Structure formats: C-alpha cells, structure tokens
Amino acid sequence: VGMGSLQESALDIMTIKVGNIPPNTTVKVVIGYVENIEVQESLFYNLIISSTLTPRYVSRLSPNTSVPIITGNVDFTWNIIATIYSSKRLKAVQSSTHDVNVDFSLGKKSARVSFKNIEKPNRNFALQFSTADIHQPTVILSEHTLFNSSETAYTAMISFMPELVSNPYSSDIISDDEVFTLRKSRLSTSRGEFIIVFDRSGSMMGQRIAKAKESVVAFLNALPSDSYFNIIIFDDKYEPYSKEGSIKTSPESIRKATDYIYTVMDRGGTEIYDPIKYVLDSKQVNSDYPRYIFLMTDGDVSNTDQILSFVSGNL
C-alpha cells in the first residue's frame, strides 16, 4: 500500500510526497482544480499551465520560508492535451510558447490541442483562443425542480466579455486568417509617468542583465515626448536614479539615463518589497499623467504573497 502526504510551503506551491511504493510499479497522481481563464485585451482567452519553479530568493522579511526548487534542467518529458469546448465557433487557437497541433471538430466549436514535438517541461505552456462574436452576450438556461416540490424552475446565467479596445495603451489582438496578429501600440500619442523598477541582483549576472539594460534603453527611447520617468535600481537595497522624483522626458534626460543604466552592475540579493513600497508611497508627479510601474526581475522571492498583498492594497 502506497502512502502519501501533501504540504503547502507557499500559497502557490503544492508539494506531494509519495512513499512505500513496491518495485516495478507505477504511481499515478491526479490533481483536479478549477481556475479562471485570463481575458487579455478584451479579445481573447489565455490559459497558462506552469511547468517549473525558479530559484527563489529568501527575503529577510520571510526568513523561515522553505521553497522547493524545480529548475528547467530536467531529463524527462511532458505532454499536454487540451480540449476546448465552446458554445460559439472558435476563430483562432494557438500557443505562444510551443508548437502545437490543433484539430477542430463539432463545427469548430471544439478543438483538441497537443504538442507537435517531444517537449521537456522547461517553460510554462500558454494557450490562447478566441471565438466568433466574442463580445456577444451568452445566456445559459438551466431547468431544475424546486426542493420539496414538483414545480419546475429555471436558473439563467449571462456571460459576456466587455469590449474595451478603446484603451489607447492596449494592443489589439485580432484574428486574421485564423492567426492572432499583434497590432502596434499607439503609445506615441500618449503621455504618463513611467517608473522602471530594475533588478540588479547577483542572479542577473551575464546575459540577463545585459539584455535587461538593452530593454530599458529601448523603452526610454520609445517614451512619449510629453512624459515623466524614473528608474529604481535594487538588489538587497534600492537606489532611485532621480532622488527628487520623476524627470521630464527630453533628448538630454534620456541620454543621461541611458548612460547611467549602462553603468549598473549585478550584485547582492533580491529584496523586491522595499523598492515597490518606495514607489507606491511616493507622490505622483501630476494627476494628468497616469502612472505606470514596470518591474524588471529574473526570479521569484520567498515573500511573494506579502508583495502582492501590499500592491493590491495600494492600487
């Protein structure tokens, strides 16, 4: 008789330990759960199935947290078979992370998705799909018998996706010949206060920090002309580029910030909470300039729940 135990070391991590298994036997673990499917751009659904746990920096704010590590260096394979059932005709089904086979049935109201190739679980699996008339409300009617009565009653559920594509900062995902096409953002006609929280910890060494610097430089040079920006560099401490607050965009200010970002070197630990708190506690430069905060980091930390709770309580 096999024996097993289940432990939760963090809210987003479940550890299953299985023992007392006879030789040459197979253990099958079935996990059932219900999860909301993310809606992106008001135009398509996005499902993500995680495959790895990246190394987590144990924050000084949660020193007793124990987090198991599963990295992308694995010698076994995985296979995902996803079946989509829809009351409306499916217009497009794709994975942004893997090459997949898509087989439609039931008049394109159902689709079976599977890997084309043999895959190792070294990255998450993401599945996107969209339906015809995706913004058209759908009514689901259920018939049932009332408790302690022979009378018949009905329960109705209305499901709809709001059409919010008028958001100027939103990229539009459209269906073109059954393939998603990403339309460029109209950011050049906008303005705001843009704050980059940049991870310079030791784990960012090498290509990671080099690519991150390139991304920041490209971001700075793409900022709208009538905007403000600041950069918060952090490891186990944090340091704002401009201690006086966000700076107005100009060719000169962008050039100086670009020169500064190239001097940043990797070092130290990963304390995300403090720089995030610093930014959220700081005063917005102008209410006419919407504030956008971008966190650039390569890894997870042990106090994720604390950070997310703080952020959600300050939005």
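Keep in mind it's a predicted model, so treat the numbers as computed, not measured.

### A closer look at the nonpolar core
Logical step 1: Of all hydrophobic cores here, the largest spans 18 residues; its most connected members are Phe-198, Val-216, Leu-220, Ile-231, Ile-233, Ile-261 and Val-264.
Logical step 2: For this core, the secondary-structure elements that each account for two or more residues are β15 (193–199), α1 (207–221), β16 (228–234) and α2 (251–261).
Logical step 3: The greatest single-element share of this core, amounting to 5 residues, is contributed by α1.
Logical step 4: Excluding its chain neighbours within four sequence positions, the residues that come into contact with Val-264 are Phe-198, Arg-200, Ile-209, Lys-213 and Ile-233.

### Considering the confidence of the model for the protein chain
Logical step 1: Per-residue confidence for the protein chain averages 80 on the pLDDT scale, and 79% of its residues sit at or above 70.
Logical step 2: Throughout residues 166–189 the model reports pLDDT below 50, and contacts reaching past four residues in sequence, or to other chains, amount to 48 contacts.

### Notes on the pairing of strand β8 (residues 100–105)
Walk down a regular strand and you will see the side chains alternate between the two sheet faces.
Logical step 1: In this sheet, strand β9 (residues 110–115) lies alongside β8 in antiparallel orientation, the contact comprising 6 bridges. In the strand pairing of β9, Val-100 is matched with Phe-115.
Logical step 2: Here β8 hands over to β9 after 4 residues, with Leu-106 in that stretch at a positive phi of 55°.

### A word on the side chain of Ser-110
Logical step 1: Its location among the elements puts Ser-110 in strand β9.
Logical step 2: Among the residues examined, Ser-110 registers a relative accessible area of 4% and is labelled buried.
Logical step 3: Of note is the side chain of Ser-110, whose polar atom sits 3.1 Å from the backbone oxygen of Ile-84.
Logical step 4: Dropping the residues within four chain positions of it, Ser-110 is found in contact with Thr-83, Ile-84, Tyr-85, Leu-90, Asp-103, Phe-104 and Ser-105.

Conventions we followed
Residues numbered from 1 in each chain as written. Predicted model: local features only at pLDDT ≥ 70, side-chain atom pairs only at ≥ 80, totals over all residues. Heavy atoms only, no water. Core = buried A, V, L, I, M, F, W, Y, C linked by side-chain atoms within 4.5 Å. Buried < 20%, exposed > 50% of the residue type's maximum accessible area, 1.4 Å probe, protein only. Helix = DSSP H or I, 4+ residues; strand = E, 2+ residues; numbered from the N terminus. Contact = heavy atoms within 4.5 Å. pLDDT = per-residue confidence, 0-100. Pairing = 2+ DSSP bridges. Polar contact = N/O pair within 3.5 Å; in protein donor to acceptor, adjacent residues only side chain to side chain.

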